[in-house]
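Now for the letters of each chain:
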Amino acid sequence: MDQNERLLHASSFGAAAVAYAEHRPDYAQAAVRWALEPAPGPRVLDLGAGTGKLTATLVALGAEVIAVEPDPGMLTELRRSLPEVRALPGSAEAIPLPDASVDAVLAGNAMHWFDMAVAGPEIARVLAPSGILAGLWNLMDDQVEWVAGLARVSGSAAIGPRDTPAGWRAETADMHLPEAGVAARFGSPEQAAFPHGQRRTADSLVGTIATRAGVLVMPEQEQEATLGRIRAFLASRPETARGEFTLPMLTGVLRVRRL
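For the protein chain, an unreviewed UniProt entry supplies the name Methyltransferase type 11 and the organism Streptomyces bingchenggensis. As recorded by UniProt, the Sequence similarities (unreviewed entry) comment attached to the protein chain reads in full: "Belongs to the methyltransferase superfamily."

Structure, rendered in structure tokens:
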């Protein structure tokens, strides 16, 4: 994905902020605990916080959270749902915080949008010595047969390599690194994945997939065709055709320490 395409995808969420808040899953608490385990203190920045899905998990775990989000629509939804959290406009490339002001920076389904040549130094700047940067991604567990079928039917724009466990590891292993020629600000990466799940119906799972960037930027006719295929597939499967079910998921974490 080139820079222009990345910007188009990254800016697609604001118009769907309410649907994003309704349909996107939270994050496995065990994954968030693991991400924060080596942090030197409790101060956490949720960077690219969206509507606050990760923020809410951090609050539940007792972290001292600040949220930063560039999209006004997403930020409005975050402030509405979590009024007790300090939530600021800003981006990974321009973080509105002082030097060494947080012990960990976490990014939920967001690090792949960062320009690490610029964001890396900014994140390192706001981190305390030995602070932690961690990216978290919610993955569909395609080791489950019907989930693998859903991924095939949906197509890579809706469920891409980063959205399933095997692909996620390869896609994110060096995501903390800048482009060649720029000094790295973080040490060797660690990756781990933790069981998770989300209660869904066929309709709400279609709604979840409809909030993915690759679907949001599709031409209307292509989007309708894609979501129609997904609806038909879910209606054909005994696991998903009637009532609620649990979507099998994992929360994957990439964790690095500030040098």
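**Details of the packing of helix α7 (residues 145-154) against helix α11 (residues 220-236)**
α11 packs onto α7 with a crossing angle of 155° between their chain directions and a minimal axis gap of 9 Å. Between α7 and α11, the angle is such that the two are roughly antiparallel. The way α7 lies across α11 gives a crossing that is right-handed. Judged by residue contacts, W146, G149, L150, V153 and S154 of α7 engage T226, R229, I230, F233 and L234 from α11.

**Points about helix α9 (residues 202-209)**
Taking burial as the measure, the eight residues of α9 include seven buried ones, the bulk of the element. Every buried residue belonging to α9 is among A202, S204, L205, V206, G207, T208 and I209, and all of these are buried.

**Comments concerning the side chain of T211**
Following the sequence through the fold, T211 ends up in the loop between α9 and α10 (213-216). For T211, the side chain forms a polar contact with the side chain of R24, separated by 2.7 Å.

Rules and cut-offs
- Residues numbered from 1 in each chain as written.
- Predicted model: local features only at pLDDT ≥ 70, side-chain atom pairs only at ≥ 80, totals over all residues.
- Heavy atoms only, no water.
- UniProt positions renumbered as here; feature names shortened; annotations may be inferred.
- Axes fitted to C-alpha atoms, helices over the stretch in contact; angles between N-to-C directions.
- Helix = DSSP H or I, 4+ residues; strand = E, 2+ residues; numbered from the N terminus.
- Parallel < 35°, antiparallel > 145°, perpendicular 65-115°, else oblique.
- Left-handed = near helix turned anticlockwise from the far one by under 90°.
- Contact = heavy atoms within 4.5 Å.
- Buried < 20%, exposed > 50% of the residue type's maximum accessible area, 1.4 Å probe, protein only.
- Polar contact = N/O pair within 3.5 Å; in protein donor to acceptor, adjacent residues only side chain to side chain.

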